[in-house]
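Structure assessment
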Amino acid sequence: MLTTALIMAGLALYNVPPQRRPRHFRNRDGFSLDFSDEELRARYRFSRHSIMVISDLVRDDLQRGTRRNHALTVEQQVMVTPKILASGSFLQVVGDTLGLDKGTVSRVVQDTTAALCKRQNEFVKWPRRDAEKNKIKAGNYRIGGFPNVIGAIDGTHIRIQAPTTDEASYVNRKGYHSINVQAVCDADGKFTNINTSWPGNAHDAHIFRTSQVCTHMERTPNWESGILLGDSGYPCRPFIMTPYARPANEDQTRFNRHHARTRCVIERTFGRWKRRFHVLHSEIRMKPEKACIIIMACAILHNIALWMNEPELPEDQEEEMPNVDAVYNGANDGRRIRDHITQMYFTN
């Protein structure tokens, strides 16, 4: 017994250094810019030139202060993020595909989306100059024949995992947990305003009423300054037109028809946005505050995609707009302005 005890004590005093696990670097041969633009778009949703432009935008935030041979370049970090957002796959799946560790993928996505969101005001901008507004008005008039429209507004629900805090607030009317994203877009489908901070049970009208867009438009509540088109979930106000709930005549029916034809640009934009970034179709498995950053980054990347690919429209192709200057002198009331538009533009 004594001998055994002495042996055990001797072993306890003898420090055996732990063996360090050898580092294994996965193969990243397919993780490069050496594909054609078509192949890059299929994998990462952006061409080589677009990836380089986005990389330059976020380079100061993503540049790694290390000389390690296996550190990810800024371009590779930029490629990882749209890969995750476009596929909607789990971090482990994308990591295995690209030859990266799950933790690395998570950090890269977090850093890149945060860097993109810092530039929100550069790419999601409300039109303030008359030239910007007139271009949007002309584009919307070509779409549906509705005059003076500077944007279409609507909300869409992005599914998230059930949060641990204030869980009931995130259950929407369809019974699943979501963030109610409210957005305004122009005639080209570019987001000019987006709000990603409201839980799923928040009503569209309440989100709009407390938004910066509403506050801004309330300062100039007249139809000559430009109006938004919203569905029946919004109130009819001087700066936001909604359809007639029960059209009383053919003129009001025609108003609703042109209203719907013009406003549907926001619905098409939501569709294009979600097709580009499948993560918006699936469940975002993050806390709400991090999910909001992911959603905003998707909106910024959507606008960057339009910016990189959208051709300029020749001036001689723009259709003549009706003169809307000083054509309304009535009461500053949404329903009366709606009746005025109907009488002026949709009456035979």
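Computed from a prediction, not measured in an experiment: that's the story for all the values here. (Residues numbered from 1 in each chain as written. Predicted model: local features only at pLDDT ≥ 70, side-chain atom pairs only at ≥ 80, totals over all residues. Heavy atoms only, no water.)

As a further point, take the overall build of the chain. Summing up its helical and strand segments, the chain has 13 helices and five strands in all. For the chain, buried positions account for 46% of its 348 residues. A separation of at least 24 residues holds for 66% of the contacts in the chain among residues at least 6 apart in sequence. As displayed, the chain offers around 19,200 Å² of accessible surface, 48% of which is attributable to carbon and sulfur atoms. (Helix = DSSP H or I, 4+ residues; strand = E, 2+ residues; numbered from the N terminus. Buried < 20%, exposed > 50% of the residue type's maximum accessible area, 1.4 Å probe, protein only. Contact = heavy atoms within 4.5 Å. Areas by Shrake-Rupley, 256 points an atom, 1.4 Å probe, with all protein chains shown as cover.)

The full count for this structure, using the stated rule, is eight aromatic pairs. A centroid spacing of 5.3 Å and a plane angle of 75 degrees characterise the contact between phenylalanine 146 and phenylalanine 255, whose relative ring orientation is edge-to-face. Here phenylalanine 255 lies in helix α11 (residues 250-276) and phenylalanine 146 lies in the loop between α8 (130-144) and β1 (149-159), a separation of 109 residues in the sequence. For the residue pair phenylalanine 146 and phenylalanine 255, the accessibility class agrees, reading buried in each case. Taking the centre distance of 6.2 Å and the plane angle of 35 degrees together, the rings of phenylalanine 270 and tryptophan 273 count as tilted. Residue phenylalanine 270 and its partner tryptophan 273 are located together in helix α11, separated by three residues, close to a single helical turn. Comparing phenylalanine 270 with tryptophan 273 shows no difference in burial state: the two are buried. Counting every residue linked through ring pairs, the aromatic cluster contains Phe146, Tyr244 and Phe255. Above the ring of tyrosine 44, the side-chain terminus of lysine 83 is found at 5.9 Å from the ring centroid. (Phe/Tyr/Trp six-rings, centres within 6.5 Å; stacked < 30°, edge-to-face > 60°. Lys NZ or Arg CZ within 6 Å of the ring centre and 35° of its normal.)

The subject of this paragraph is the side chain of arginine 263. Of note, arginine 263 is situated in helix α11. Beyond its immediate chain neighbours, meaning those up to four positions away, arginine 263 contacts Ala152, Ile153, Asp154, Leu229, Gly230 and Asp231.

Our focus in this paragraph is the pattern of salt bridges. For the structure shown, the criterion picks out 10 salt bridges. When the shortest N-O distance is used, the salt bridge between arginine 59 and glutamate 75 registers 2.7 Å. Taken together, the residues arginine 59 in helix α3 (residues 48-62) and glutamate 75 in helix α4 (residues 74-87) connect sequence positions 16 residues apart. Overall, the relative accessible area of 24% leaves arginine 59 in the partly exposed class. Across the salt bridge formed by glutamate 283 and arginine 285, the nearest N and O atoms sit 3.4 Å from each other. Overall, glutamate 283 belongs to the partly exposed group, its relative accessible area being 29%. Here the salt bridges do not stand alone but share partners, grouping Asp56, Arg59 and Glu75 into one network. (Salt bridge = Lys/Arg side-chain N within 4 Å of Asp/Glu carboxyl O.)

Before going further, it helps to examine the confidence of the model for the chain. Note that predicted coordinates carrying low pLDDT should not be read in detail. Averaged over every residue, the pLDDT of the chain is 82; residues scoring 70 or more account for 77%. Element-level pLDDT for the chain is lowest in helix α1 (residues 2-13), with a mean of 55, against a maximum mean of 97 in strand β2 (residues 178-185). Below pLDDT 50 for its whole length, residues 310-327 participates in 26 contacts with residues either more than four positions away or in separate chains. (pLDDT = per-residue confidence, 0-100.)

Where helix α2 (residues 37-44) contacts α4, the two axes come as close as 8 Å, and the packing angle between them is 60 degrees. For the element pair α2 / α4, the angle class is oblique. On α4, the residues that touch Leu40, Arg43 and Tyr44 of α2 are Met79, Pro82 and Lys83. Partitioned by chemical class, the residues of the contact of α2 with α4 number four nonpolar, no polar and two charged. (Axes fitted to C-alpha atoms, helices over the stretch in contact; angles between N-to-C directions. Parallel < 35°, antiparallel > 145°, perpendicular 65-115°, else oblique. Nonpolar A, V, L, I, M, F, W, Y, C, P; charged D, E, K, R; others polar.)

On to unusual backbone geometry, then. In this structure, arginine 45 takes a positive phi of about 75 degrees despite not being glycine. Here arginine 45 lies in the loop between α2 and α3. Non-glycine residue asparagine 148 carries a positive phi angle of around 70 degrees. Here asparagine 148 is to be found in the loop between α8 and β1. Here asparagine 148 falls in the buried class, since its relative accessible area comes to 1%.

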